[in-house]
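Remarks on the overall topology
So the chains spell out like this:
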Amino acid sequence: MQQDPQAARREALEEAMRRALTIARRGPSDTVNPQVGCVILSPAPDFRVVAEGWHRGVGTMHAETDALAHLPAEWADHAKELTAVVTLEPCNHTGHTGPCALALIEAGIGHVVHALPDPGQQSSGGAERLREAGVEVISGVCEAEARTLLAGWLARQQHTKRDGEPVARPHVIAKWAQTLDGRAAAADGTSQWITGPAAREHVHAERALADAIAVATGTLYADDPSLTARDASGELLVEASLQPFPVVFGHREVPAGAAIRRHPALQGQVSGAPIRLTGDDLTADLATLGASGIRTLYVEGGPTLVSSLLAAGLVDELHVYLAPKLLGGERVAIQELGISSITDALHLTVTGVTRLGDDLLVTAIPENRGSDL
């Protein structure tokens, strides 16, 4: 029995979108730009991939223009029959590159399919521009998969003021390590090391991507952390000027001999001290960090600080490292969140599960993320 043409097209578009999502991951995930992939398909009934491209980082060609650059010359006179399948709505503004919507129009592409609308005030509107030019536009194909890929980037967009001014507050990533029974430390308070070398190495790579790392004074006194991004040998992963800036929440003083006072980012500064915030008003504290230019805040502890941020709806991503160990006892990784019933539980969307040696990293997004200031 011959397949219905519409069903065949829908199946082909979904397959192409998944391919676009796959190649999008080749681009960097640690820049202000999203990971985007584009696949160009031949007409029905073949729906063959004739070109593809992806975004390689700030200042490089966007996925659509990259794919167009790889389009064989034989299709130049038949572009109206082609379909561009893109993981994000083609942009409609001029930044480091020109508008992708215009590039598709000028190339003569007749059909454009995208998974997600562009949330940016300046960059959105590409779909409308394409339609006005007579291009067929289909949206929402593999939307859930695209949201998973771009979860972190989409969350960061919520903190950009609508007029394009600087970030109102940082994108907050809460990280902790715990045993399978949810403990962050043993009865005697020791917590080094819950996880193994591979997980710790991954943490340092994540630190290197952040603008600042935050701890509370409890963690500062208990662990005396350096809050630097280092490799397995102890050498700095990135140069001193690019190391994440240390931030300390709480009222207690930072000890004179604390390792954090030797943080490379503090050397040469008059104060020679980390950013200090009381933690009494977390919303105001995050606004202070945002005003100072900090876009991404990696929160490492302790349980009281992380729990307070979660309860306030100020966490955008969770990075939870799970070790195959049991400790029991009262030293839980997350403390009181003000939740009294299972129906009020804070729901999470899991965006990834990665094995790191014997440990697991679970990344997730809280449903109440993105509280505005």
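Residues numbered from 1 in each chain as written. Predicted model: local features only at pLDDT ≥ 70, side-chain atom pairs only at ≥ 80, totals over all residues. Heavy atoms only, no water.

Broken down by element type, the protein carries 10 helices and 13 strands. Residue pairs in contact within the protein that sit at least 24 positions apart in sequence constitute 72% of those at least 6 positions apart. Approximately 18100 Å² of the protein is accessible, and the part contributed by carbon and sulfur atoms is 51%. (Helix = DSSP H or I, 4+ residues; strand = E, 2+ residues; numbered from the N terminus. Contact = heavy atoms within 4.5 Å. Areas by Shrake-Rupley, 256 points an atom, 1.4 Å probe, with all protein chains shown as cover.)

This brings us to the nonpolar core. Taken as a class, soluble globular proteins show a tendency for nonpolar side chains to be buried jointly. If you look at the biggest cluster of nonpolar residues, it comprises 47 residues, and the most contacted ones within it are Met-17, Ile-40, Leu-82 and Ile-109. Examining the composition of this core, we find that eight residues originate from one element, helix 1 (residues 5-24), more than from any other. Every residue in contact with Leu-82, bar those within four places of it in the chain, is listed here: Ile-40, Leu-41, Ser-42, Pro-43, Val-50, Leu-71, Trp-75, Ile-109, Gly-110 and His-111. Among the nonpolar cores identified, the runner-up in size contains 30 residues, and Ala-212, Phe-245, Val-306 and Val-315 belong to it. (Core = buried A, V, L, I, M, F, W, Y, C linked by side-chain atoms within 4.5 Å. Buried < 20%, exposed > 50% of the residue type's maximum accessible area, 1.4 Å probe, protein only.)

This part takes up the sheet that holds strand 11 (residues 317-323). Read across the open sheet, the eight strands follow the order 9-8-7-10-6-11-13-12; overall the sheet is mixed. Two strands bound the open sheet, and with one partner strand each, they are strand 9 (275-277) and strand 12 (348-356). Mean inter-strand twist for the sheet, computed between neighbouring axes without regard to direction, equals 20°. In terms of strand pairing, strand 6 (residues 171-179) meets strand 10 (residues 296-301) through four bridges, oriented parallel. The partner of Ile-173 across the bridge, within strand 10, is Tyr-298. (Pairing = 2+ DSSP bridges. Axes fitted to C-alpha atoms, helices over the stretch in contact; angles between N-to-C directions.)

Residues Val-350, Val-353 and Leu-360 make up a contiguous nonpolar surface patch of about 250 Å² in total accessible area. Here Leu-360 is to be found in strand 13 (residues 359-366). Judged by its relative accessible area of 34%, Leu-360 is partly exposed. (Patch = residues over 30% accessible without salt bridge, like charges linked within 9 Å, V, L, I, M, F, W, Y side chains within 5 Å. Salt bridge = Lys/Arg side-chain N within 4 Å of Asp/Glu carboxyl O.)

Looking now at the side chain of His-204. In this structure, His-204 sits in helix 7 (residues 197-209). A residue is classified by how much of its surface remains accessible, and His-204, at 13% relative accessible area, is buried. At 3.0 Å, the side chain of His-204 and the backbone nitrogen of Arg-230 are in polar contact. (Polar contact = N/O pair within 3.5 Å; in protein donor to acceptor, adjacent residues only side chain to side chain.)

As a further point, take the confidence of the model for the protein. On average, residues of the protein score 84 in pLDDT, and 90% of them reach the 70 mark or higher. The model gives residues 160-167 a pLDDT under 50, and that stretch makes 10 contacts with residues more than four places away or in other chains. The low-confidence segment residues 369-373, where pLDDT is below 50, has 19 contacts with residues more than four positions distant or belonging to other chains. (pLDDT = per-residue confidence, 0-100.)

The next subject is the pairing of strand 4 (residues 111-116). Counting buried residues along strand 4, five of its six residues qualify, which places the element largely inside the surrounding structure. With five bridges connecting them, strand 3 (residues 83-88) and strand 4 associate as parallel partners. What sits directly across from Ala-84, in strand 4, is Val-112.

Reported here for the second largest pocket is a volume of approximately 1100 Å³. Contributing to the lining of the second largest pocket are 41 residues, with Lys-175, Ser-191, Gln-192, Thr-219 and Asp-223 lying nearest its centre. Broken down by secondary-structure element, the contributors of at least two residues to the lining of the second largest pocket are strand 6, helix 7, helix 8 (217-223), strand 10 and helix 10 (303-311). When residues in the lining of the second largest pocket are grouped by element, the largest group, seven residues, is from helix 7. Residues that form the lining of the second largest pocket fall into these classes: 19 nonpolar, 12 polar and 10 charged. (1 Å grid on protein atoms, 1.4 Å probe; cavity = no way out; pocket = protein on both sides within 12 Å on 5 of 7 lines; lining within 4 Å. Points joined across faces, edges and corners; volume = space filled by probe spheres on them. Nonpolar A, V, L, I, M, F, W, Y, C, P; charged D, E, K, R; others polar.)

On to the pairing of strand 8 (residues 245-249). Taken across its five residues, strand 8 has five buried, putting it largely inside the fold. Where burial is concerned, the two faces of strand 8 agree: the one with Phe-245, Val-247 and Phe-249 and the one with Pro-246 and Val-248 are both buried. Sheet topology places strand 7 (residues 212-216) next to strand 8; five bridges connect them, and they run parallel. If you follow Val-215 over to strand 8, its bridge partner there is Val-248. After leaving strand 7, the chain enters helix 8 and then returns to the sheet as strand 8, a path that is right-handed. (Right-handed = clockwise from strand over helix to strand, strands pointing away.)

Turning our eyes to something else, we now look at helix 1. An ideal rise of 1.5 Å per residue puts 28 Å on 20 residues; helix 1 measures up with 28 Å between its terminal C-alpha atoms. In this structure, the buried side of helix 1 is in contact with strand 1 (37-41), strand 2 (49-54), strand 3, strand 4, strand 5 (136-139) and helix 5 (143-149). The opening residue of helix 1, the one whose side-chain oxygen lies 3.2 Å from the backbone nitrogen of Gln-6, is Asp-4. (Expected span 1.5 Å × (residues − 1).)

This part is about the packing of aromatic side chains. In total, this model carries zero aromatic pairs according to the counting rule given. Against the face of Trp-54 rests Arg-26, its NZ or CZ located 4.6 Å from the ring centre. The ring of Trp-54 carries the charged tip of Arg-56 above its face, separated from the ring centre by 3.9 Å. (Phe/Tyr/Trp six-rings, centres within 6.5 Å; stacked < 30°, edge-to-face > 60°. Lys NZ or Arg CZ within 6 Å of the ring centre and 35° of its normal.)

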